[in-house]
Amino acid sequence: MVPLKRRKVVSSNSGQNSDTDTSKESRFPQAVIFILERRMGASRRAFLAQLGRSKGFRIQDTYSESVTHIISENNSGDEVRTWLGERGQHRSRTPVHLLDISWYTESMREGQPVAILDRHWLQEQQRHHVKAPVFSAASYACQRSTPQPGHNTLLTAALAVLAESAELNGDEGRSVAFRRSEALLRSLDRQVQGAAELRGLPCLGEHSRRVIQDLLEYGVSCEVEETKSSSRYKAMKLLTGIFGVGVKTAKRWFTEGICSLAQLETSGHTLNPAQQAGLKYYTYLNQPVTRHEADAVSITVEDAVRSVLPGAQVTLAGGFRRGKMSGHDVDFLITHPDEGKEEGLIHKVIACLESRGLLLYHQITRNTYQESPKGAGRPSSNMDRFERCFSIFKLTNDSNPEDTRRVQTDSGCRPWRAVRVDLVVSPISQFAFALLGWTGSKLFEREMRRWAVHEKSMSLSSHALYDKNQKRYLRASSEEEIFAHLGLEYVSPSGRNA
Ligand code: UTP
Ligand code: MN
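Draft legend 1. Just the environment of Asp-118, in detail. Take Asp-118: it is sitting in the loop between helix H3 (101-110) and helix H4 (153-168). When the C-alpha atoms of Asp-118 and Leu-99 are compared, they prove to be 9.9 Å apart, with 19 residues separating the residues in sequence.

Draft legend 2. Seen up close, the coordination of the manganese ion (ligand 2). At the metal site, the manganese ion (ligand 2) is ligated by Asp-329 (OD) and Asp-331 (OD), and these contacts range over 2.0 to 2.1 Å. The same class applies to Asp-329 as to Asp-331, namely buried.

Draft legend 3. Examining the sheet that holds strand S6 (residues 97-100) more closely. As summarised here, the arrangement of the 4 strands in space is S3-S2-S5-S6, forming an open sheet in which the pairing is parallel. Edge positions in the sheet fall to strand S3 (58-60) and S6, since each has one partner strand and no second. Strand-to-strand twist across the sheet, computed as the mean angle between neighbouring axes with direction ignored, equals 35°. Across 4 bridges, strand S5 (residues 69-72) lies against S6 in parallel orientation. By the bridge assignment, Ile-70 is partnered in S6 with Leu-98. In the packing of helix H1 (residues 42-54) onto the sheet, the strands contacted are strand S2 (32-35) and S3, and the crossing angle to S3 comes to about 150°. The strands touched by helix H2 (residues 77-86) are S2, S5 and S6; relative to S6, the strand with the most contacts, the crossing angle is about 130°.

Draft legend 4. Highlighting helix H16 (residues 431-439). In terms of residue burial, H16 counts as a mostly covered element, since 8 of its 9 residues are buried. Taken as a whole, H16 has its buried residues at Phe-431, Ala-432, Phe-433, Ala-434, Leu-435, Leu-436, Trp-438 and Thr-439. Immediately beyond the C-terminal end of H16, within one or two residues, lies Gly-440, with a positive phi of roughly 75°.

Draft legend 5. Highlighting the sheet that holds strand S8 (residues 313-316). Spatially, the 5 strands line up as an open sheet ordered S8-S10-S13-S12-S11, and their pairing is mixed. The open sheet terminates on both sides in strands that have one partner only, identified here as S8 and strand S11 (359-365). The sheet shows a mean angle of 25° between the axes of neighbouring strands, direction not considered.

Draft legend 6. Just the packing of aromatic side chains, in detail. In total, this model carries 12 aromatic pairs according to the counting rule given. Measuring from centroid to centroid gives 5.2 Å for Tyr-140 and Trp-451, while their planes differ by 90°, and the two rings are edge-to-face. Residue Tyr-140 is located in the loop between H3 and H4, and its partner Trp-451 is located in helix H17 (residues 442-456); the two are separated by 311 residues in the primary sequence. Both residues of the pair, Tyr-140 and Trp-451, belong to the buried class. With 5.1 Å between their ring centres and 75° between their planes, Phe-483 and Tyr-490 make a pair best called edge-to-face. Relative accessible area serves as the criterion here: at 34%, Tyr-490 is assigned to the partly exposed category. One aromatic cluster is present, built from ring pairs that chain together Phe-34, Tyr-63 and Trp-83. Note that Arg-190 overlies the ring of Phe-135, its terminal NZ or CZ placed 3.9 Å from the centroid.

Draft legend 7. Structural context of the side chain of Arg-388. Here Arg-388 shows up in strand S12 (residues 387-396). Judged by relative accessible area, which is 12%, Arg-388 ranks as buried. Excluding its chain neighbours within four sequence positions, the residues that come into contact with Arg-388 are Gln-363, Ile-364, Thr-365, Asp-422, Leu-423, Val-424 and Trp-438.

Draft legend 8. Expanded view of the site of ligand 1. In the neighbourhood of ligand 1, 17 residues make up the surrounding shell, with Gly-319, His-328, Asp-329, Arg-388 and Lys-442 lying closest. At 3.3 Å, a backbone N or O of Gly-440 approaches an oxygen atom of ligand 1. In the complex, the protein chains occlude 87% of the 590 Å² of accessible area that ligand 1 would expose alone. Those elements that provide at least two residues to the shell around ligand 1 are helix H14 (318-321), H16 and H17. Of the residues contributing to the shell around ligand 1, the split by class is 1 nonpolar, 8 polar and 8 charged.

Definitions and limits used
Residues numbered from 1 in each chain as written. Chains lettered and ligands numbered in written order. Predicted model: local features only at pLDDT ≥ 70, side-chain atom pairs only at ≥ 80, totals over all residues. Heavy atoms only, no water. Helix = DSSP H or I, 4+ residues; strand = E, 2+ residues; numbered from the N terminus. Donors = N, O, S within 2.8 Å, 3.2 Å for Na, K, Ca; no water. Buried < 20%, exposed > 50% of the residue type's maximum accessible area, 1.4 Å probe, protein only. Pairing = 2+ DSSP bridges. Axes fitted to C-alpha atoms, helices over the stretch in contact; angles between N-to-C directions. Contact = heavy atoms within 4.5 Å. Phe/Tyr/Trp six-rings, centres within 6.5 Å; stacked < 30°, edge-to-face > 60°. Lys NZ or Arg CZ within 6 Å of the ring centre and 35° of its normal. Near = heavy atom within 4 Å. Polar contact = N/O pair within 3.5 Å; in protein donor to acceptor, adjacent residues only side chain to side chain. Areas by Shrake-Rupley, 256 points an atom, 1.4 Å probe, with all protein chains shown as cover. Nonpolar A, V, L, I, M, F, W, Y, C, P; charged D, E, K, R; others polar.

Shown next as structure tokens:
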């Protein structure tokens, strides 16, 4: 059937006829680009167009005679010519470049239209993609070794933003899903080149895969960029960055319109002592603690602990034990080889540190753990019940003037800086569990507990391991034994950066 009126302008998708060439400020006016929706889908096309425009490309939503470059994905040259023919565009007045998506992708990466090479022209037949070697990985993070930072930092950093944003929204399920994707990518032994290599991998949900695909192709994900620049994310990050402020409190403040520390200070809210200290030392506490500083704190803590209880052992836990070069705090586990001697130790250590003027803030919680003969309750709970002290140390350049092991801190020309320190006291009989629990990462621990429950019918905490089938506690004096009880291959601390 001959069309009544040969249309000059052809929409790529029926029903949507807007010719929104929003490229008034295009940096490359000579290339007028039209992205074919066929085999691509509307949302992906919209994303690509938005990305192009943000980089100053001239993208037309509808096909017209001014188009110079047609971009298509998974179509052959013949198919695109047929598509044009069906729309009455048999003989184009100017030669139009029929290009593969790869030309667009590379141009996005370069930030300008790249030269058209042979491989960019649409093939006459649809190309069969060469099969990339596919990755494989176990489903639980505790079955894998996950190094820091891994080979896919572009991808893992982006997924971490989405995980954090979900966390700040109080959406734990979503946050854990992104954390699992992030951990899986960090565990891969080489850089991912294309989304096809991720086929069949566990832990990667549809949403994560979409984000990964955008990152692999364009080096950027609109969703991640939008999240990072959203006022809610920025405010929630800032407010929860105050020591003592959790998501719930930050949310309440944000809904009242508080978005900055200055607004909080003038809001008239009464802050608890932790929050007051958090606000007072905000800048210090939001500046990563370096390995040097962690070593300096270690020496200070060891010194204080030994002076009040000779024979007591101090172990650096948390991210630093996993080999991280920086962290948000420094975590220590304290124990004594004679069970019972550690009781009440924290008060003495704190008194010692205070007398030396090394504490800016501290809050002690008592040990409330009791083994129940009926087995461990609430196994999935992350809260443990050790005697513990949340504190803020005053780390000076010469915290240990007499100590020959003195470590240079990184506070530069400042005489001191504030550092968050967690001190946890464990009876020796629970020490292996405490060490495993406090070494982290949070996701690794979570995955171990999930493995214990679902695969072994056991319940793991930072205090104990309970076998529900045998109805008894399984003792362990090393982390290796705990892995063995759980039927897992041992993963060293540096491999627990899930
Ligand atoms: P952190 O929050 O200090 O994390 O908890 P991290 O891995 O050291 O990271 P940065 O570098 O400080 O940011 C350390 C470990 O202690 C456990 C966590 O689960 C994590 O594995 N932990 C923390 C508990 O078991 N209970 C708590 O109340 C807090
Ligand atoms: Mn830590």
